[in-house]
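Chain and residue survey
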Amino acid sequence: MTSSQLMKGVGTQSLLNRILESPEQVSALQHLPPPTLARLIHHVGLEDAGELVALATTQQLARIFDEDLWRSERPGQEERFDPERFGLWLEVMLEMGADRAAARLAEMDEDFVTFALSGQMLVLDLDVLTMSRLRSNEGQEDEALVDKALESSLSHELDRFLLISRRPESWDALLSVLVALDEAHHELLTRLLERCCHHASEYIEDNGGLYAVLTTAEQLETDVAQAREERREREGFVAPTDAAAFLGLARSGQVGNDPVTRGYTQAQREAAQTPPPGMEGAQPEQTSPAVPLVHLLQEAEVLTSQTPAALLGAGDGSGTHALPTTLREALTTLQGEAPEAFSRCMQELGYLSNVLVSGCGHAGRPLRALEAAQVAIATCNLGLEESPEADEDRSHPGGLLAREGLVPSFGRGWRVLHEDVVMRSARAFEAALARRVPAERREAARTRAELARDIAAGKPWASRKRWMHLAPFLSKAAFAAMRELVDECPAFNGAFIATREQVAEVQRRVEELLLP
């Protein structure tokens, strides 16, 4: 263990002690917003967060599951449920006792619990299985499938059901929780097992690969995923596929009145008018008791106190790293003269930040929340500078924002970044390689060809993982610049691009680095 790891471990344990040893902090924990509690659990590590999980309410856990149990391979790709992660959650929940863990599951949405359990086990009806084995041809095929599954999996009989493990690593935890459910919530468990059995029977009958089986299984996942997306949309999140669609429209300058923004705005309006089930009147009471705990989490750097407004800065920068002066001045004007328009713009900054977190990659990874806020501000500033109206009305910089909001400005800025920075740099990159990469260097030649195809498709960053083969044919400075600029979310000298001056400087620098 390195010294930095040791220091982190000590800090984490100290934080846990400060929370768990104080009755006030323990009480406040149950009033934390689920995203905040999720960050705390992530900071501690799920495997070490058993005491925190035990203190969390069912409502908090359900919302944390919405965030933690769904994964996408890259930003903008559809999120899929992670059954292995749910198995780990079962093990951690078991630390509070099987009866309490079972009680938490019993209080959650039945569709979700059915879907989650189906990923952990195959459920067969013993009576149906016995009858099928008595049949001649069909029984032989079914029996062979079941026997094969039993030979390679753990299994357990519970009432009239045979449970076959699909994830041995979490089998003991699953079985303990199911037994506890059987004791305290027998009717619920029976319904859950019957639904799981229905899917498993079709899986075995059709050998797991035919359309009817996939349709049934995927329909349950679709229902659960749709319910989750609706909940998260009310809380301000943007689905990865929607975020990717929005950014695609922005590259072609078609955002502002786009369907993604309209849907998000409508969802936020409905959420403000109608609290989610079980939340009526709860929010004001939940915020105040948790304030000291939030301060403690900020002190421990679990949370950041920075907001998009604070990120706008004081406006005293200059040159390549100048602060977004145009946007800052426009928002300052709105704050004093049109507070409602200012509030709308701040909400749109949050929306754009969420879009970037959910749908945009940077340097081969998802954007972090703070980075996404910085990118949203920088891009909106660039879009404002690109607007002819901004040039004509510099004496009243908030006028344009008051009329159209921030989303159209973001769209203009995102289009400029894509066309004048990313694509222009990519074409210069590929042209330089065409002059320098010999055909006999096969890996490099193939990678250059991939880059050319990616450029034609409008996504020159798609094959960046293979660019290592191209590094020997450029100077270190040139290759480093291309890694920054030819990206879904470009940067220049470690900073996100916010001004027309920076765009022009990027273009000059690319020409200098890639000259023949």
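On to helix α17 (residues 291–299). By the burial criterion, the buried members of α17 are L293, L296 and L297. Seen end-on, α17 carries its buried residues on one side only, within an arc spanning 100°. At the C-terminal side of α17, E301 shows a positive phi close to 65°.

Ranked by internal contacts, the top residues of the largest apolar core, which has 70 residues, are F246, Y351, L356, L401, F410, W414 and F429. The element best represented in this core is helix α24 (residues 407–436), accounting for 11 residues. Leave out the neighbours within four places in its chain, and Y351 touches V238, F246, D258, V260, T261, Y264 and V407. Judged by nonpolar contacts, the second largest core, of 65 residues, contains F86, A102, W171 and L188.

Further remarks concern the sheet that holds strand β4 (residues 155–158). Read across the open sheet, the three strands follow the order β3-β5-β4; overall the sheet is antiparallel. The sheet is open, and its two edges are formed by β3 (121–125) and β4, each paired on a single side. The average undirected angle you get between the axes of adjacent strands in this sheet is 20°. Note: β4 against strand β5 (residues 161–165), four bridges, orientation antiparallel.

Right, let's get into the environment of A426. Inspection of the secondary structure puts A426 in helix α24. Look at A426 and you get buried, because its relative accessible area is 0%. Residues A426 and K459, spaced 33 residues apart in sequence, show a C-alpha to C-alpha distance of 9.5 Å. Those residues in contact with A426 that lie beyond four places of it in its chain are I455, P460 and V486.

In this section: the pattern of salt bridges. Counted by the stated rule, this structure contains 20 salt bridges. The partner of E488 in a salt bridge is R251, with the nearest N and O atoms 3.4 Å apart. Linking E488 in the loop between α26 (476–485) and β8 (491–492) with R251 in helix α14 (residues 240–251), this pair joins segments that are 237 residues apart in sequence. By the burial criterion, E488 is buried, and R251 matches it. The salt bridge partner of D487 is R464, with a shortest N-O separation of 3.6 Å.

The subject of this paragraph is the confidence of the model for the chain. Across the chain, pLDDT averages 81, with 79% of residues at or above 70. Within the model, the stretch residues 207–217 combines pLDDT values under 50 with 12 contacts to residues more than four positions away or in other chains. Contacts for the low-pLDDT stretch residues 276–288, under 50 throughout, to residues beyond four places or in other chains number nine contacts.

Cut-offs used in this document
- Residues numbered from 1 in each chain as written.
- Predicted model: local features only at pLDDT ≥ 70, side-chain atom pairs only at ≥ 80, totals over all residues.
- Heavy atoms only, no water.
- Buried < 20%, exposed > 50% of the residue type's maximum accessible area, 1.4 Å probe, protein only.
- Helix = DSSP H or I, 4+ residues; strand = E, 2+ residues; numbered from the N terminus.
- Arc of directions from axis to C-beta.
- Core = buried A, V, L, I, M, F, W, Y, C linked by side-chain atoms within 4.5 Å.
- Contact = heavy atoms within 4.5 Å.
- Pairing = 2+ DSSP bridges.
- Axes fitted to C-alpha atoms, helices over the stretch in contact; angles between N-to-C directions.
- Salt bridge = Lys/Arg side-chain N within 4 Å of Asp/Glu carboxyl O.
- pLDDT = per-residue confidence, 0-100.

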